[in-house]
Amino acid sequence: MTEGVAVGICLERLAVIPLDTDEAGNAALTGAKAANLARAAAAGLPVLPGFALVPEESAADLPHGPSAVRDAWRGLAGEQGRSLVVRSSSAHEDTADSSMAGLFASELDVRGWDDFISAVQAVLDSSHRSRAPARGGGDPSAGMAVLVQPMLRTAVGGVMFGADPVAGRDDRILVSAVRGGPEQLLAGTVQGVRYQLTRHGRLVATEPREHRRDRLLGRRRTWRLVRLAHHAERVFGEPQDMEFGFDTDNALWLFQARPITAMALRAARGARLLGPGPVAETFPEVLQPLEEDLWVAPMSHGLTLALDSAGTAPRRVLRAVPPVTTVDGRVAADLRLLGAVPSAHPVLDFINPIPGARRASAAWRVGRLRIALPMLAVDLMADVDRELTQMPPPQEMLSGQILAALAWGRNVLSSLHAQESLVGSLVGQGSGATAVGEALAVLAEGRTRGITDVELLARHPVLLSLLPPSLERPARLPRRTGWTGAPRGVEALPAREGLRLRIRWVQEMQASLVREYAARLQTAGRPDVLRQLSTLRWPELAGILGGAPWTADVDERGLRPDSRPLPAAFRLSQEGRPVAEHIGGRGRGRARSRDRGHLTGQGAGGGLGIGTAWHGRGPRPGHAVLVVRTLDPALAAELPELGGLVAETGSVLSHLAVLAREYKVPTVVGVPDAVDRFPQGTELTVDGTSGTVETVSKTVSKGAEDEPVSTGAEKGFA
């Protein structure tokens, strides 16, 4: 088949739709690009005239064929042979879901009939670059139209966003401009000048900086662009991504308008600063709704009681803001409320008399608590131990007894969390022993004696401190134990660790009761009932245990899927999605230096160490520095012989941090982006006193790769 025959067949199948007709605004017919320009022109926006070429079968009642195409071309090009632009207008581009920017062909400066036909054919051929099916299925070329407009010589052109997609701000307008046409920006051959404007047209910033007299966009041009952005937003109902140009007579023209498809999330106004830090070690995995209500709600209530008793926050705030919440099933804490990061307004807080007065009013309570807390903790632990000891085995309990035990567990967990928080902040750690350290010692000694892990768990409930609470996940004790010393018994633990251990025991009691009730329902013909119970809320479970019928919608619920770990610090967008925030500046717990080789967090003790970064995956290097996102207690078995421990989140009072100090492992917490900034194999120095983490050369000294560098970690294993 010759080229001439192919061109003839192409023209026979094309219909002509001028942009100033009603049919042109139908995106299913003319494609989104042409349809948007037709709508803009009808609304009075400055759009060049033109027409769209569409498949004849979709517009059989419109002019079509070679003569119709030639007449349209002649009407636009004129007797002088005006230069034209021939662009794609696919049904798959410039939509709210996908822009497909630059995927299809655009032919510029097209002159003459033969070049015009070749340009139309090139645009149609480019439809096969897309793997997306046409609407309704079939060949993608079936959804392709061709947009034809005059070629405009522009003095200044560019791209304008009616909102800032990079920062996710709908109160900003972003403009990139160049001398000449906007195609230079779109092709990436010229950087251009970026202008950030307010919605009212005030210039916020330019990049790179321009001299006032040499600006591409002066005040008058800027105002005209802002008015165009507002007008386009009213026409289309949302901010638009637009291509524009000022011609040699300084007239403004709109070349293209489409929805902004990649708008970054932005934190909602007044959103609080959240992070997994202080609580991720207790709940490192995604929780289901029932697990939230059984364990997270009591933790939040207990911390509220502790903060109120210490006068840390006003009661009106504590009533409105829970200290602990969940995002996609992952637990996060209010970092400022719990003191994990400094106040956002330290100067204002310093001169504000209200916090001081609040603390003064709580001082007498705190003073008494400091003396009474150890005794109160002993009494509470004794009450919990007695209640757990006297509780019948789950298999022997009636449904009403299971309900009462679960309700008691929720109430006592609030008290345990409140006292644990107060003891940790007011009394201190005491001997420095931890439940996790005791558990590792028990595990190491039991395995030496040949006792199975199942038997050890049944004999020594202290081992539960190595396992996060879960209704479903099987209990798997760590394989590695290392050198741990001799177990001393639960009674030797300080008050705070004893309270933490009781919290874990109560959680396991609740989990065992839910599993028992699931086993009873399973025998009644519900094989997947434990998963279904996990999707319930506490009032729903209480109702079923109290005799309420099992509703059909429970069978249709699904478990929350596993999700990515939360950022170390974030705020929630209006859609409830986390927006990561880097905490900079000076202050405790903040990163004072953010260059790749030097980060500062919060020192958790252990001295100074040097070693090789290891993320816990793959072979463990000799003298490893464990770099993690959260302080998961399951990592406790890795502590012996570590050169250091670095965590993006966490508290110096966390289980793992306390145990690391016990093992003399240099530890730094609250180091932002540590996992990404220190890849595995990076040589690091970790200062547990100053909280500094730095990269060092692999050849610290002659023979450094053959001989381990002395660190504080070796002191505990001599």
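Preceding this paragraph is the structure being described.
It is worth spelling out the sheet that holds strand E8 (residues 193-198) at this point. Read across the open sheet, the 6 strands follow the order E9-E8-E7-E6-E10-E11; overall the sheet is antiparallel. Every interior strand has two partners, whereas the edge strands, strand E9 (203-207) and strand E11 (252-259), have only one. With direction set aside, neighbouring strand axes in the sheet form an average angle of 20°. Relative to E8, strand E7 (residues 172-179) runs antiparallel, the two sharing 6 bridges. Opposite Ser-176, over in E8, you have Arg-194 as the bridge partner. In this fold helix H6 (residues 219-236) packs onto strand E6 (154-161), E7, E8, strand E10 (240-247) and E11, with an angle of close to 140° to the strand it touches most, E10.

To continue, consider the nonpolar core. Note on soluble globular proteins: their nonpolar side chains tend to be buried together. Within the largest apolar cluster, 49 residues are counted, with the highest numbers of intra-cluster contacts made by Leu-406, Leu-416, Val-514, Leu-533 and Leu-541. Those elements that place two or more of their residues in this core are helix H8 (289-310), strand E14 (330-334), helix H11 (353-390), helix H12 (399-427), helix H15 (495-523), helix H16 (529-534) and helix H17 (538-545). The element best represented in this core is H15, accounting for 10 residues. If you look at the next biggest cluster of nonpolar residues, it comprises 39 residues, including Leu-19, Ala-145, Val-193 and Leu-252.

Turning our attention to the pairing of strand E5 (residues 144-150). Judged by how many residues are buried, E5 sits mostly within the fold: 7 of 7 residues are covered. Both strand E2 (residues 51-55) and E5 contribute to a ladder of 3 bridges, which runs antiparallel. From the neighbouring strand, Ala-52 faces E5, where its bridge partner is Leu-147.

What follows covers the pattern of salt bridges. Scanning all chains against the criterion turns up 32 salt bridges. Close ionic contact of Arg-199 with Glu-233 constitutes a salt bridge, the shortest N to O distance being 2.9 Å. Placement of Arg-199 in the loop between E8 and E9 and of Glu-233 in helix H6 is noted, with a sequence separation of 34 residues between them. The class of Arg-199 is partly exposed, set by a relative accessible area of 24%. Note that Arg-560 is salt-bridged to Glu-292, the shortest N-O span being 2.3 Å. A residue pair is termed long-range when its members are at least 10 positions apart, and Arg-560 in the loop between helix H18 (552-556) and strand E15 (570-572) and Glu-292 in helix H8 qualify at 268 residues. One connected set of salt bridges, linked through shared partners, spans Glu-281, Glu-420, Arg-496, Glu-497 and Arg-500.

Along the chain, Gly-681 turns up in the loop between helix H20 (674-677) and strand E23 (683-687). The class for Gly-681 is partly exposed, based on a relative accessible area of 29%. Between the alpha carbons of Gly-681 and Ala-624 there is a distance of 9.0 Å; along the sequence they are 57 residues apart.

We now examine the packing of aromatic side chains. All chains considered together, the criterion is met by 3 aromatic pairs. Judged by centre distance (5.4 Å) and plane angle (65°), the ring pair of Trp-73 and Trp-113 falls under edge-to-face. Here Trp-73 is found in helix H3 (residues 66-77), whereas its partner Trp-113 is found in helix H4 (residues 113-125), with 40 residues between them in sequence. In this structure, Trp-73 and Trp-113 share a single accessibility class: buried. Residue Trp-113 is classed as buried on the basis of its relative accessible area, which comes to 16%. An aromatic cluster of at least three residues, connected via ring pairs, comprises Trp-73, Trp-113 and Phe-116. One cation-aromatic arrangement involves Arg-70 over Trp-113; the distance from NZ or CZ to the ring centre is 4.1 Å. Seen from the ring of Phe-246, Arg-221 lies directly overhead, with NZ or CZ sitting 5.1 Å from the centre.

What follows deals with the environment of Val-696. Within the secondary structure, Val-696 sits in the segment after strand E24 (692-695). Judged by its relative accessible area of 29%, Val-696 is partly exposed. With 86 residues separating them along the chain, Val-696 and Ile-610 place their C-alpha atoms 8.7 Å apart. For Val-696, the contacting residues outside a window of four places in its chain are Glu-683, Leu-684 and Thr-685.

Note that the residue after Glu-207, namely Pro-208, is joined by a cis bond; omega there is -5°. Along the chain, the position of Pro-208 falls in the loop between E9 and H6. Despite not being glycine, Asp-109 shows a phi value in the positive range, around 55°. Secondary-structure assignment places Asp-109 in strand E4 (residues 106-110). Phi at Asn-250 is positive, roughly 70°, even though this residue is not glycine. Summarising the element assignment, Asn-250 is placed in the loop between E10 and E11.

In this section: the side chain of Arg-172. Here Arg-172 shows up in strand E7. The buried category is assigned to Arg-172, whose relative accessible area is 14%. If we ignore the near neighbours within four places in the chain, the residues touching Arg-172 are Gly-162, Ala-163, Asp-164, Gln-196, Leu-197, Thr-198, Arg-199 and Val-204.

With that settled, consider the sheet that holds E4. Taken together, the 5 strands give an open sheet; going across it, the order is E1-E2-E5-E3-E4, and neighbouring strands pair in antiparallel fashion. Every interior strand has two partners, whereas the edge strands, strand E1 (14-18) and E4, have only one. When strand polarity is set aside, the average angle formed by the axes of neighbouring strands in this sheet is 25°. Along the sheet, helix H2 (residues 27-42) makes contact with E1, E2, strand E3 (84-90) and E5, crossing E3 at roughly 125°.

For the pair H12 and H15, interaxial distance at closest approach is 9 Å and the crossing angle is 160°. It follows that H12 is roughly antiparallel to H15 by the angle criterion. Remark: the crossing between H12 and H15 carries left-handed chirality. By residue class, the composition of the contact of H12 with H15 is 16 nonpolar, 7 polar and 6 charged.

About the criteria used
- Residues numbered from 1 in each chain as written.
- Predicted model: local features only at pLDDT ≥ 70, side-chain atom pairs only at ≥ 80, totals over all residues.
- Heavy atoms only, no water.
- Pairing = 2+ DSSP bridges.
- Helix = DSSP H or I, 4+ residues; strand = E, 2+ residues; numbered from the N terminus.
- Axes fitted to C-alpha atoms, helices over the stretch in contact; angles between N-to-C directions.
- Contact = heavy atoms within 4.5 Å.
- Core = buried A, V, L, I, M, F, W, Y, C linked by side-chain atoms within 4.5 Å.
- Buried < 20%, exposed > 50% of the residue type's maximum accessible area, 1.4 Å probe, protein only.
- Salt bridge = Lys/Arg side-chain N within 4 Å of Asp/Glu carboxyl O.
- Phe/Tyr/Trp six-rings, centres within 6.5 Å; stacked < 30°, edge-to-face > 60°.
- Lys NZ or Arg CZ within 6 Å of the ring centre and 35° of its normal.
- Parallel < 35°, antiparallel > 145°, perpendicular 65-115°, else oblique.
- Left-handed = near helix turned anticlockwise from the far one by under 90°.
- Nonpolar A, V, L, I, M, F, W, Y, C, P; charged D, E, K, R; others polar.

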